[in-house]
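Below are the chains, spelled out letter by letter.
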Amino acid sequence: MTRRQEVLLGLLGAAAAFGACEAVSRAGIVRRSYLPPASEVLARAARLAGTPSFLDGVGVTLRAWALGLGLACAIAVPLGLLLGAVPVVEAAARAVIEFLRPLPSVALVPLVSLLLGSGTETEVALIAYASLWPVLFNTVYGLGETDPLAKDTLRAFGFGRLAVLLRVELPATAPFIAAGVRISASVALILAVATEILSGFGQGLGIFIAQAETATDGTRDVLAGVVWAGALGLVINGVLVGVERRLFAWAQQPAEAAGRSRRGTRR
């Protein structure tokens, strides 16, 4: 499937969802107070783009998102390289990691708020915690997939462990790290909005949604805020996918060739 076909199918799916919501609301199957017409929601979302206070809140959310994701990457990449390169350390830390990983970040909101207070620090800490795991595990997995022949060749020429890591393992792991960052970016945005909704005060996209919930006939504003959150996630993912394809095109070519070979074999 070509890139253009993917875009067209995506637009077709969005148009179908839009039409279904519009028809259900206009036909009275669902009360408008519960599900306003999609056209009204999109119109409200478009009007919010001209509201400075709303845009300031979106900027606050994106700043917390960027700080939390950056902190997660700064911790996860070195830690993943250490765990993947030193099996003894990975074995020692495995129990702790498997204990912490299933803990939902939202459930930690009361504890983190008690320790750090209710502010940007709490939001960034929760985002970093939730975003750390995809980058960490992708880094460890990428190291495990490094070509052993390339590492042995470098060692045969007298290069040490650090040189092998920097010259062979880290470049080979970079596409896996990029994929982990892309996954974590979506997780970070979800946590940023969810944390703001739970806190219920301050400034941010989640705060706008939380306040709209308590307003009379605020369903349209809630859905407009959700549209903004989804649009931000779509843009962020699209940018990261584009950067990933541009920087690591060499890593995607073998996978595409293997896919074509499998399709030819099935024929």
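Here the structure is a predicted model, which is why all the values come from computation and not from measurement.

A. Layout of a nonpolar patch on the surface. A cluster of nonpolar side chains, L71, I75, L79, L82, V86 and V88, forms an exposed patch at the surface whose accessible area comes to about 470 Å². Along the polypeptide, L71 turns up in helix α3 (residues 52–85).

B. The confidence of the model for the protein chain, seen in detail. Scored by pLDDT, the protein chain comes out at a mean of 85, with 92% of its residues at no less than 70. Here helix α11 (residues 249–266) stands out as the least confident element of the protein chain, with mean pLDDT 52; α3 is the most confident, with 92.

C. Broad picture of the packing of helix α7 (residues 148–156) against helix α8 (residues 161–199). Contact geometry of α7 with α8 gives a least axis separation of 10 Å together with a crossing angle of 145 degrees. For α7 against α8, the interelement crossing comes out right-handed. Seen from α7, the contacting residues are A150, K151, L154 and R155; seen from α8, they are A163, V164, R167, V168 and E169. For the contact of α7 with α8, the residue count by class is 5 nonpolar, no polar and 4 charged.

D. The side chain of K151, seen in detail. Position of K151 among the secondary structure elements: in helix α7. When sequence neighbours within four positions are dropped, the list of residues in contact with K151 reads T146, V164, V168 and E169.

E. Just the environment of A125, in detail. Within the fold, A125 resides in helix α6 (residues 120–144). Given the relative accessible area of 28%, A125 is considered partly exposed. Every residue in contact with A125, bar those within four places of it in the chain, is listed here: V112 and L116.

F. Representation of the pattern of salt bridges within the structure. In the structure shown here, the tally under the stated rule is 8 salt bridges. Here E90 ties to R94 by a salt bridge, and the two come within 2.7 Å at their closest N and O atoms. You can see E90 and its partner R94 sitting in helix α4 (residues 87–100), 4 residues apart, about one turn around the helix. Among the residues examined, E90 registers a relative accessible area of 24% and is labelled partly exposed. R94 gets classed as partly exposed once you look at its relative accessible area, which sits at 43%. The closest approach of N and O atoms between E169 and K151, which form a salt bridge, is 3.6 Å. With E169 in helix α8 and K151 in helix α7, this residue pair connects regions lying 18 residues apart in the sequence. Each member of the pair E169 and K151 is classed as buried.

G. Region of the structure containing the nonpolar core. Of all hydrophobic cores here, the largest spans 46 residues; its most connected members are F54, W65, V135, L136, L205 and W228. Those elements that place two or more of their residues in this core are α2 (38–48), α3, α5 (109–116), α6, α8, α9 (205–214) and α10 (219–247). Dropping the residues within four chain positions of it, V135 is found in contact with C73, A76, V77, I177, G180, V181 and S184.

H. Local environment of the side chain of S105. As for its position among the elements, S105 is in the loop between α4 and α5. Here S105 falls in the buried class, since its relative accessible area comes to 8%. With near-sequence residues (within four places) excluded, S105 lies in contact with L126, Y129, A130 and L191.

The rules behind the values
- Residues numbered from 1 in each chain as written.
- Predicted model: local features only at pLDDT ≥ 70, side-chain atom pairs only at ≥ 80, totals over all residues.
- Heavy atoms only, no water.
- Patch = residues over 30% accessible without salt bridge, like charges linked within 9 Å, V, L, I, M, F, W, Y side chains within 5 Å.
- Areas by Shrake-Rupley, 256 points an atom, 1.4 Å probe, with all protein chains shown as cover.
- Salt bridge = Lys/Arg side-chain N within 4 Å of Asp/Glu carboxyl O.
- Helix = DSSP H or I, 4+ residues; strand = E, 2+ residues; numbered from the N terminus.
- pLDDT = per-residue confidence, 0-100.
- Axes fitted to C-alpha atoms, helices over the stretch in contact; angles between N-to-C directions.
- Left-handed = near helix turned anticlockwise from the far one by under 90°.
- Contact = heavy atoms within 4.5 Å.
- Nonpolar A, V, L, I, M, F, W, Y, C, P; charged D, E, K, R; others polar.
- Buried < 20%, exposed > 50% of the residue type's maximum accessible area, 1.4 Å probe, protein only.
- Core = buried A, V, L, I, M, F, W, Y, C linked by side-chain atoms within 4.5 Å.

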